[in-house]
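Commentary on secondary and tertiary structure
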Amino acid sequence: MNCQFQKADAAYCECIICGRRVRGEDPDRIYCACPGRRGPSVIEKAANYAKAVTQHVLTGSQTRTDEEVSELMQLCESCEHYDQQIGRCGVCGCRCNKSKSAWLNKLRMATQHCPKGKW
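As the structure is a prediction and not an experimental result, all values here were calculated from the model.

As a further point, take the sheet that holds strand E1 (residues 5-7). With respect to topology, three strands assemble into an open sheet ordered E1-E2-E3, the strand pairing being antiparallel. The sheet is open, and its two edges are formed by E1 and strand E3 (21-23), each paired on a single side. On average, each strand axis in the sheet is inclined to that of its neighbour by 35°, with strand direction left out of account. By the bridge criterion, three bridges tie E1 to strand E2 (residues 12-15) in an arrangement that is antiparallel. Each residue of the ladder has a partner; that of Phe5, found in E2, is Cys15.

This is how it looks when you write it as structure tokens:
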């Protein structure tokens, strides 16, 4: 599959799938093999997790009920960004599962929300 470029600015085009930036003015004349959608880096995942845990602790460690987690899990499982194999959000990199531990499950933390605004 080739990257699908669109004009980013006067000198560059950017792939709408993987985010690759390539110097060129005409997106229809640039061809590159697309690695596919890239998730967050290890550093970005760590930063996102640290932010979520900090908010969770500072607001009294409030958690969601099993029913609320199940409803949110259904939304995650139907999302194109959710990685079913590893149980992680492909946007923020956080674990989204049915675990009862808020430390292992973003859905359990009452202060957290979907980075795409789905819940």
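By the definition in use, this model includes five salt bridges. Close ionic contact of Asp9 with Arg21 constitutes a salt bridge, the shortest N to O distance being 2.9 Å. You can see Asp9 sitting in the loop between E1 and E2 and its partner Arg21 sitting in strand E3, a full 12 residues away along the chain. On the basis of relative accessible area, Arg21 is assigned to the partly exposed category, the value being 43%.

It helps to recall that an α-helix has 3.6 residues per turn; residues three or four apart then point in one direction. Between its first and last C-alpha atoms helix H1 (residues 42-58) spans 24 Å; for 17 residues at 1.5 Å apiece the expected length is 24 Å, and the two agree. All of the buried residues in H1 are Ala52, Val53 and His56. One side of H1 carries all its buried residues, which in axial view fall inside an arc of 95°. More than 90 degrees from the buried face of H1, the exposed residues found are Ile43, Lys51 and Leu58. Positive backbone phi, approximately 90°, marks Gly60, located one or two places after H1.

Looking now at the side chain of His56. Inspection of the secondary structure assignment puts His56 in helix H1. Discounting chain neighbours no more than four positions away, the residues touching His56 are Ser61, Gln62, Thr63, Ala102, Trp103, Met109 and Thr111.

Another aspect to go through is helix H2 (residues 66-77). With 12 residues, H2 extends 16 Å from end C-alpha to end C-alpha; this agrees with the ideal 16 Å at 1.5 Å per step. Restricting attention to buried positions, one finds in H2 the residues Val69, Leu72, Met73 and Cys76. The arc that holds the buried residues of H2, viewed along the axis, is 110°, so those residues lie on one side. Among the exposed residues of H2, those oriented more than 90 degrees off its buried face are Glu67, Glu71 and Gln74. In the core, the buried residues of H2 are packed alongside strand E4 (82-83).

What counts as what
- Residues numbered from 1 in each chain as written.
- Predicted model: local features only at pLDDT ≥ 70, side-chain atom pairs only at ≥ 80, totals over all residues.
- Heavy atoms only, no water.
- Pairing = 2+ DSSP bridges.
- Helix = DSSP H or I, 4+ residues; strand = E, 2+ residues; numbered from the N terminus.
- Axes fitted to C-alpha atoms, helices over the stretch in contact; angles between N-to-C directions.
- Salt bridge = Lys/Arg side-chain N within 4 Å of Asp/Glu carboxyl O.
- Buried < 20%, exposed > 50% of the residue type's maximum accessible area, 1.4 Å probe, protein only.
- Expected span 1.5 Å × (residues − 1).
- Arc of directions from axis to C-beta.
- Contact = heavy atoms within 4.5 Å.

Shape is all these values report; function is a separate question.
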